[in-house]
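# Understanding the architecture of this molecule
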Amino acid sequence: MTEEIKKRIRNKYVLSKVCSAKEAAAFIQPKMTLGVSGFTISGYTKVVAKELAARAEAGEKLKLTVYSGASLGDEFDGVLTRAGALFCRMPYQTNKDLRNAINMGKVKYVDMPLGMMPRWVRSGYLNHIDVALIEAAGIDENGNIIPTMSVGASDTYVACADKVIIELNTRVPASIEGFHDIYIPESVPNTKPINILKANDRIGTPYIPCDPSKIVAVVESDVIDAGVKDMPVDDDFRQMSKNLIEFLEEEVKAGRMPNPLPPLQAGIGGVSNAVLEGLKESDFQHLTVYSEVMQKSILSLIDEGKIDCASATSITMPQSAMQDFYKNIDRYRGKIILRPMEISNSPEVIRRLGVIAINTVIEADLYGNMNSSYIGGNRLMNGVGGSGDFCQNGGLSIFITKSTAKDGKVSCIVPMVSHMDHTIKSSQILITEQGVADLRGLDVVERANLIIDKCAHPKFRPALKKYLAKATILSDYLAYPYSTEAAMMFHNMDDEE
């Protein structure tokens, strides 16, 4: 047992539970359901999974069901998938091996908006949590858990689990203590308003409450989060960012939006990160964030003095940026709050604050339906994530995507999405590098024409116009002109069209 572990575990009973990863993994038996910390490859457990994978590779049929906050790193999702240890996974993932296993039917997968997950677990709609496997930066005097770089659904899993296993990660500075605000709403019929009136309001505790008698093992870890790849910013990203900023400036000028702006939310990924980076060059000041993820761009905007405070459930960055954050962590104290995802994604709070929701999609159709989770309608990419929580409840719902994919060979603006995550009822603004389509107050034909003119790539506009003309003629219900025959015509058109 290292001196660092002794310093970070301030409860004598919990200190007595320090053991090896192999000993901790022994508490996890076949067909159990695990509630695992981690959200968007941040704050996830990393060493116990390796021992579980070794057991599966030796022939043990583990068939584990794993619930998380969101995506976990390869040290968890990847190693367990390759070892054949997983039976079911929810509610979100980004690992290529797990994705392939799901699409091949080898691992059961349930997709759902992330903000719903904790309540479903507490209400008993899903499996009982046998073991909560949680990454921590420390344990306080009363046995409560100090999380690392994410909260996700860890608070709910700890509350509901029979047993708790802690991976205490000494790579994360102990000074992360105090960044978190843990609040667990009461269940129906005793629910109360969530008293967040501003993005920087604190309503909970700086730790996850935990009965120390539940903690059966503590394992030392020094593995840094894998993080996300640092995607280079290209001209299309810069133009999308410019389009977004010009749109927001016009909203302020027209009196439809206050200045300073309402809190911003942006989904995970290189597109969102790059688009937000552009806010550095804008005239907007005193920005706030109420989101589920803080990426590199958010911290950069804090450094630039553009953002006053940022609230989310995780911090997700490339490893180099994460190391910089660790070194300069005190710079962000008082400006960053990490909450449970049930609070970061709360419809009540999102609606109250008038959050500007900015989310990416795989494809958008001419009517404003959005697909954010499936390629071709049948191959899972990642999952719907928290976009449903924010786009349906935000004060303004913005979707962003490049107009084409596959080096310009495929249009991301299509006649009808192959899988529908978000309907025309929750899409208000669509932005590509081509322009901005403001869909508010338009009927479906007006929407279609505007999306073609403003958002589709010029190469595909003639084909989309032909589709719309034929679909309108063929449609028996003119208010929603969709024709399978016309859609097939669009997909079969030559590139020249």
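Below is a short write-up of the structure.

Criteria and cut-off values
- Residues numbered from 1 in each chain as written.
- Predicted model: local features only at pLDDT ≥ 70, side-chain atom pairs only at ≥ 80, totals over all residues.
- Heavy atoms only, no water.
- Pairing = 2+ DSSP bridges.
- Helix = DSSP H or I, 4+ residues; strand = E, 2+ residues; numbered from the N terminus.
- Buried < 20%, exposed > 50% of the residue type's maximum accessible area, 1.4 Å probe, protein only.
- Arc of directions from axis to C-beta.
- Contact = heavy atoms within 4.5 Å.
- Salt bridge = Lys/Arg side-chain N within 4 Å of Asp/Glu carboxyl O.

## Looking at the sheet that holds strand β17 (residues 370-371)
Spatial strand order, β17-β16-β23: three strands in an open sheet with mixed pairing. One side of each edge strand has no neighbouring strand; the edge strands of this open sheet are β17 and β23 (413-414). Pairing between strand β16 (residues 363-365) and β17: two bridges, direction antiparallel. Note that in β17 the partner of Glu 363 across the bridge is Asn 371.

## Details of helix α4 (residues 48-57)
Every buried residue belonging to α4 is among Val 48, Ala 49, Leu 52, Ala 53, Arg 55 and Ala 56, and all of these are buried. Buried residues in α4, looked at end-on, bunch into an arc of 160°, giving them a common side. Residues of α4 that are exposed and point more than 90 degrees away from the buried face comprise Lys 50 and Glu 57. Turning to α4, the residues buried within the fold contact α3 (21-25), β2 (64-67), α5 (74-82), β5 (131-139), β7 (163-169) and β8 (215-221). Count one or two residues on from α4 and you reach Gly 59, which has phi positive near 115°.

## A look at the pattern of salt bridges
Counted by the stated rule, this structure contains 27 salt bridges. Its salt-bridge partner being Lys 7, residue Glu 4 comes within 3.5 Å of it at the nearest N-O pair. With a gap of three residues between them, Glu 4 and Lys 7 both fall in helix α1 (residues 3-8), about one helical turn apart. When its relative accessible area of 60% is taken as the criterion, Lys 7 is described as exposed. As a salt-bridge pair, Arg 82 and Asp 97 come within 2.6 Å of each other at their nearest N and O atoms. On the criterion of sequence distance, the pair formed by Arg 82 in helix α5 and Asp 97 in helix α6 (residues 96-103) is long-range, its members being 15 residues apart. Overall, Arg 82 belongs to the partly exposed group, its relative accessible area being 47%. Several salt bridges converge on common partners, so that one network encompasses Glu 251, Arg 256, Asp 438 and Arg 440.

## A word on the pairing of β8
Most of β8 is tucked away, with six of its seven residues classed as buried. In the sheet, β7 pairs with β8 via six bridges, with the strands oriented parallel. Following the sheet pairing, Ile 165 is matched in β8 by Ala 217.

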